[in-house]
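# Chains, contacts and geometry: an overview
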Amino acid sequence: MSNSFLKQYGSEIFTLTVEHLWLAGGAMLFAIAIAVPAGIWLTRSPRWATPVIGAANILQTIPSLAMFGFLLPLPWLGERAARIAILALTAYALLPILRNTYAGIRGIDPSVIEVARALGLTGSQRLFKVELPLAASFIFAGIRTATVTCIGIATIAAAVGAGGLGELIFRGVASVDNRLVLAGAIPAALLALAADAGFGLLERRFRVPA
Amino acid sequence: MSAAVEFRNVSVESPQGRLLLDDISLSLEEGTITVILGRSGSGKTTLLRTVNRMVEPTRGDVLVKGQAFAADKAKSIRTFDLISLRRSMGYVIQETGLFPHLNVERNVGMVLEAEGRPREERIRRSHELLKAVELDPATFAERLPHQLSGGQRQRVGLARALAAEPRILLMDEPFGALDPLTRSEMQDMLRGLLNRLKMTVLLVTHDLDEALFLGERIVLLSEGKLVASLGPEEFMRSSQPEIAAYVCAYHRGERNAENREREGRG
């Protein structure tokens, strides 16, 4: 890429990268806020685990372009493309976080939970002092997968006009300009790699030696 | 002497309707060590777990220091009572159940932490307890459970159970997973400790040797029924067939050991 290209598009790439981060980050915040408590709840009511995780699984199988299309005609949501994008990305991010939160807590050595109960830890003490710390590495692994997926799918959000780096990719495809396609794809890939590395670090930091 | 724990016609059914405990009545005198002996599946662990309500009796009551938790009123027990009941008892199990993400010091101090006691007190108390179970705090306080041997883990589990100065200590096969040498060291340490602490102890084992060494009263369970509740000498002299079978197996073990020793010498 020549200097003149960067001079021409540099600030736009920057703005779209921030927008992209905003879409993916917003969706991740919603997804974490929903999926972690839901995963905890499932460990308390395991009979709901199969249907709820199944539902999250089905959400994940909807092709992203179709998902954006479905949401477009909805009132309020349809008014702002960013709303649609964040909702759709949230839906995609749910499954890995939900599944890992549930599996992470269920996977804790039963004798540890048994003693926590027998020592008289309250429900919330058990959750915050024992279960969440022990499942944290798993939960971060789920968040890591979800974030990488989200950053990738967020490029498609440009199709409904939500902005983000997909904007450059779509424009590049339309005008057969590979430089534009790369100007969108490279930063998106870098964001995904950075998120992967960052959450990978957290995942290892919280891993508990057996 | 008064009863610290009293089982009144306690029966427990599994969710599938199998009778795990059948009309057990028994009282544990304050400050004594009672050992529950029996084969696997005889209901030993279930009986132990009714004391701290990890298992809810289907019929009958378990009274702790005169405090009744009637089974039919189980639903109305407030969580608060259950929590304070459990905090008033120590609990040690074979698998130790140490919190793998917390160091020894925090494992030991967990009940105090749950009660919101200040950090200095928790540290002071956990160091005291580590000394009581013969672990040097300077060496062990900062270690994580995976850095300990089986015997050391069990010592930490015991220290943790004693942290809140419980009057009742429940132990479920505490030394079952240890090698014979470590096991007998632990038994020595436990006996010394319990002599000093004068707690009411209920210990589950399938090992008659351990029962004789530690127990002031031996309770034999078979298929959920209470077969006998006797002092160690009476137990060894009893002619009751279930007891005799146990004692006979025990003597055979002793003879085998003697034979091995003799062969070794010869």
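Everything here concerns the structure above.
This write-up is about the structure you can find in this document. Quick caveat, the model's predicted, so the values are computed rather than measured.

### Structural notes on the side chain of Ser42 of chain B
Residue and element names in this part refer to chain B. For Ser42, the location among the structural elements is in the loop between β3 (33-37) and α1 (44-51). Take Ser42: its relative accessible area is 3%, and that puts it in the buried class. Dropping the residues within four chain positions of it, Ser42 is found in contact with Leu20, Leu221, Ser222, Glu223 and Gly224.

### Points about the interface of chain B and chain A
Counting residues at the interface gives 22 residues for chain B, matched by 19 residues for chain A. Between chain B and chain A, a total of about 2,000 Å² is buried, with carbon and sulfur atoms accounting for 66% of that surface. Applying the counting criterion to the chain B and chain A interface returns 2 salt bridges. For Glu114 of chain A, the salt bridge identified is with Arg49 of chain B, shortest N-O distance 2.5 Å. Taken together, chain B and chain A are joined by 7 residue pairs in polar contact (both at pLDDT 80 or more). Mapped onto the side of chain B that touches chain A, the elements with two or more residues apiece are α2 (79-87), β6 (89-93) and α4 (110-114) of chain B. Residue contributions to the side of chain B that touches chain A peak at 4 residues, all from α4 of chain B.

### Here we look at unusual backbone geometry
All names here are of chain B. Phi angles above zero are rare outside glycine, and Thr96 is one such case at about 65°. Here Thr96 is to be found in the loop between β6 and α3 (104-108). You will see that Glu173, though not glycine, has its phi angle at about 45°, which is positive. Along the polypeptide, Glu173 turns up in the loop between β7 (168-172) and α8 (180-197).

### Considerations on helix α3 (residues 64-71) of chain A
All names here are of chain A. Along α3, the residues that are buried comprise Ser64, Met67, Phe68 and Leu71. Taken down its axis, α3 places every buried residue within 95° of arc, on the same side. Of the exposed residues in α3, those oriented more than 90 degrees away from the buried face are Leu65 and Phe70. Of the surrounding secondary structure, the elements contacted by the buried residues of α3 are α2 (49-61), α4 (81-106) and α6 (123-154).

About the criteria used
Residues numbered from 1 in each chain as written. Chains lettered and ligands numbered in written order. Predicted model: local features only at pLDDT ≥ 70, side-chain atom pairs only at ≥ 80, totals over all residues. Heavy atoms only, no water. Helix = DSSP H or I, 4+ residues; strand = E, 2+ residues; numbered from the N terminus. Buried < 20%, exposed > 50% of the residue type's maximum accessible area, 1.4 Å probe, protein only. Contact = heavy atoms within 4.5 Å. Buried area = accessible area lost by both parts, 1.4 Å probe. Salt bridge = Lys/Arg side-chain N within 4 Å of Asp/Glu carboxyl O. Polar contact = N/O pair within 3.5 Å; in protein donor to acceptor, adjacent residues only side chain to side chain. Arc of directions from axis to C-beta.

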